[in-house]
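Observations on the model geometry
Single-letter residue listing:
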Amino acid sequence: MQAGAGVELHAKPGDTVTAGQPLLTLHTDTPEKFDYALGSLENTWDIAPTGTPFTASPIVLDRIA
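Starting afresh in each chain, residues are numbered from 1 along the sequence in its written order. At least 70 in pLDDT is required for a residue's local features to be given in this predicted model, at least 80 for side-chain atom pairs to be given and counted, and no such filter applies to totals for whole chains, interfaces and linings, which use all residues. In computing side-chain values, all of the structure's heavy atoms are included and hydrogens and water are not.

1. Looking at the layout of surface pockets
- Grid points spaced at 1 Å over the protein atoms alone were grouped into cavities, where a 1.4 Å probe fits but cannot get out, and pockets, open sets with protein on both sides within 12 Å along at least five of seven lines, with lining residues defined by an atom within 4 Å of a point. Grid points are joined across faces, edges and corners, and a volume is the space filled by probe spheres set on the points. Within this model, the largest pocket holds a volume of roughly 1,200 Å³.
- Taken together, 45 residues make up the lining of the largest pocket; nearest its centre are Ala11, Pro13, Leu23, Thr44 and Trp45.
- Residue assignment for the lining of the largest pocket shows that the elements contributing at least two residues are strand E1 (6-9), strand E2 (24-27) and helix H1 (34-40).
- Considering each element in turn, the lining of the largest pocket owes the most residues, four residues, to H1. What counts as a helix is a DSSP run of H or I of at least four residues, what counts as a strand is a run of E of at least two, and both are numbered from the N terminus.

So, in structure tokens, the structure goes:
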């Protein structure tokens, strides 16, 4: 667990995006593990043509108190 780790979303599911637009920013206190984090994000999103029907699911699934 890291106090400075997290994912900052710049585009939410269902948003219209353009080529080259950042979708997210990863934050970490351990940059040596950054490649592992990037690898875990591979194939975790789809970009569909404009007008494709979409139903968003919750981004936050649960909270840890």
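2. Digging into the environment of tryptophan 45
- Tracing the chain through its elements places tryptophan 45 in the segment after H1.
- Sequence separation between tryptophan 45 and leucine 23 is 22 residues; the distance between their C-alpha atoms is 10.0 Å.

3. Considering unusual backbone geometry
- A positive phi angle, close to 60 degrees, is found at asparagine 43, a residue other than glycine.
- Residue position: asparagine 43 is located in the segment after H1.
- Burial here depends on accessible area, computed with a 1.4 Å probe over protein chains only, as a share of the maximum for the residue type. Under 20% is buried, over 50% is exposed, and the range in between is partly exposed. Residue asparagine 43 is classed as exposed on the basis of its relative accessible area of 77%.

4. Quick word on the confidence of the model for the protein chain
- Confidence of the predictor at the level of single residues is captured by pLDDT, which takes values from 0 to 100. Residues of the protein chain with pLDDT of at least 70 account for 98%, and the chain-wide mean is 84.
- The secondary structure element of the protein chain with the lowest average pLDDT is H1, at 83, and the one with the highest is E2, at 88.

5. Quick word on the environment of alanine 5
- Within the fold, alanine 5 resides in the segment before E1.
- Its relative accessible area of 40% is what places alanine 5 among the partly exposed residues.
- Through-space distance from the C-alpha of alanine 5 to that of leucine 26 is 7.5 Å; in sequence the pair is 21 residues apart.
- Not counting residues within four places of it along the chain, the set of residues in contact with alanine 5 comprises His27, Thr28 and Asp29. Whether two residues are in contact is decided by their heavy atoms: any pair within 4.5 Å suffices.

6. A closer look at a nonpolar patch on the surface
- A surface patch of nonpolar side chains, about 350 Å² in accessible area, is lined by Val7, Leu9, Ile59 and Val60.
- Relative to the elements of secondary structure, valine 60 occurs in the segment after H1. Residues enter patches when they are more than 30% accessible in relative terms and free of salt bridges; like-charged ones are connected within 9 Å and nonpolar ones (Val, Leu, Ile, Met, Phe, Trp, Tyr) within 5 Å. For accessible areas, the Shrake-Rupley method is used with a probe of radius 1.4 Å. Any residue's cover is judged against the shown protein chains and nothing else. Basic side-chain nitrogens of Lys or Arg form a salt bridge, by our definition, when they fall within 4 Å of a carboxyl oxygen of Asp or Glu.

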